[in-house]
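A structural walkthrough
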Amino acid sequence: STVLPGAAGANVFWNFASLVPTSGSNSGQYVTPSSTTLGSTFPTADVANVSGTYVTYYDVTSAQSSWIGADNGGTLITFSDPLLEMTYPFTYGATFSDIGDRQYNVGVVVGSRLTRDVIADGYGTLVLPNATYENVLRVRIEETYRDTTPNPTQYFERESTRYEWYSETERYPLLVFETGTTDQGGTVASFTDINYAFVLTVADEYGYSYTTSDEG
């Protein structure tokens, strides 16, 4: 049956108890940037998220966190204009928007612009196959990124709406629901991804690691 993200608003009951993982799981860990291979490339990074061969670097303050770069299996991704990931505190009704510019080289230099509009659009109770969570905040993220190469001129564009549910007691989203389209040089496809976290707060250098379902 079709799975929908549910309503926005106050005191919402989101029931995803029937989700079933379809393709295994995905694990990651938050570590100090200096412990990673390319950590010295990002001297302003405060934390890195390692998931398989993909490492994401963040600049984090008490007021906000920003995506400043990544290592995609040896391919270096840098930002000339970092992308704002979150502002703090972030409560029901809060919003922000941002634009980021990144670059990477895969034999040709690819330039990419990312736009993001974020709102905390609901709170309430979230039911997952593994647990029920009270006082959960839902964040809706409208995001677009477009990768382009100058010679030859090619592009890849991805537009999505992503919903993330957060608990006060966990640092990783309890549930991520994303739907959107991709456009590869005129070939358009749609997608929907749903992942829920089922192992949380396993002690590591920053106090947590995570495992999520893969496309529940």
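Residues numbered from 1 in each chain as written. Predicted model: local features only at pLDDT ≥ 70, side-chain atom pairs only at ≥ 80, totals over all residues. Heavy atoms only, no water.

**Looking at the side chain of T56**
Turning to its location among the elements, T56 is positioned in strand β4 (residues 54–60). Not counting the four nearest positions on each side in its chain, T56 is found in contact with V47, A48, N49, W67, G69 and A70. (Helix = DSSP H or I, 4+ residues; strand = E, 2+ residues; numbered from the N terminus. Contact = heavy atoms within 4.5 Å.)

**Notes on the environment of I77**
Note that I77 resides in strand β6 (residues 75–87). Between the alpha carbons of I77 and T56 there is a distance of 9.2 Å; along the sequence they are 21 residues apart. Setting aside anything within four residues of it in sequence, one finds I77 in contact with F42, Y54, G69, A70, N72, R102, Q103 and Y104.

**With respect to the confidence of the model for the protein**
Per-residue pLDDT for the protein averages 89, and the proportion of residues at 70 or more is 90%. Predicted confidence in the protein is weakest over strand β13 (residues 209–213), with a mean pLDDT of 56, and strongest over strand β1 (residues 9–15), with 98. (pLDDT = per-residue confidence, 0-100.)

**A few points about the nonpolar core**
Judged by nonpolar contacts, the single largest core of 15 residues is most densely connected at F16, L126, L128, W165 and L175. When residues of this core are traced back to their parent elements, those giving at least two are β1, β9 (132–150), β10 (153–166), β11 (175–184) and β12 (187–200). Sequence-distant contacts of L128, defined by excluding residues within four places in its chain, comprise F16, A17, Y133, L174, L175 and Y196. (Core = buried A, V, L, I, M, F, W, Y, C linked by side-chain atoms within 4.5 Å. Buried < 20%, exposed > 50% of the residue type's maximum accessible area, 1.4 Å probe, protein only.)

**A word on the packing of aromatic side chains**
By the definition in use, this model includes nine aromatic pairs. When the centroid spacing of 6.3 Å and the interplanar angle of 40 degrees are considered together, the rings of Y163 and W165 count as tilted. By the burial criterion, Y163 is buried, and W165 matches it. In this arrangement the basic side chain of R102 is found over the ring face of Y145, its NZ or CZ atom lying 4.9 Å from the centre. Sitting over the ring of Y155, R146 keeps its end group 4.1 Å from the ring centre. (Phe/Tyr/Trp six-rings, centres within 6.5 Å; stacked < 30°, edge-to-face > 60°. Lys NZ or Arg CZ within 6 Å of the ring centre and 35° of its normal.)

**Topic: the pairing of β6**
A regular strand carries its side chains on alternate faces of the sheet. Pairing between strand β5 (residues 64–72) and β6: eight bridges, direction antiparallel. By the bridge assignment for β6, Q64 is matched with T87. Hairpin connection between β5 and β6: a loop of two residues separates the two successive antiparallel strands, and G73 in this loop has a positive phi of roughly 60 degrees. Where β6 meets strand β7 (residues 95–105), four bridges bridge the pair, whose relative direction is antiparallel. Within β7, the position partnered with T78 by the bridge is Q103. (Pairing = 2+ DSSP bridges.)

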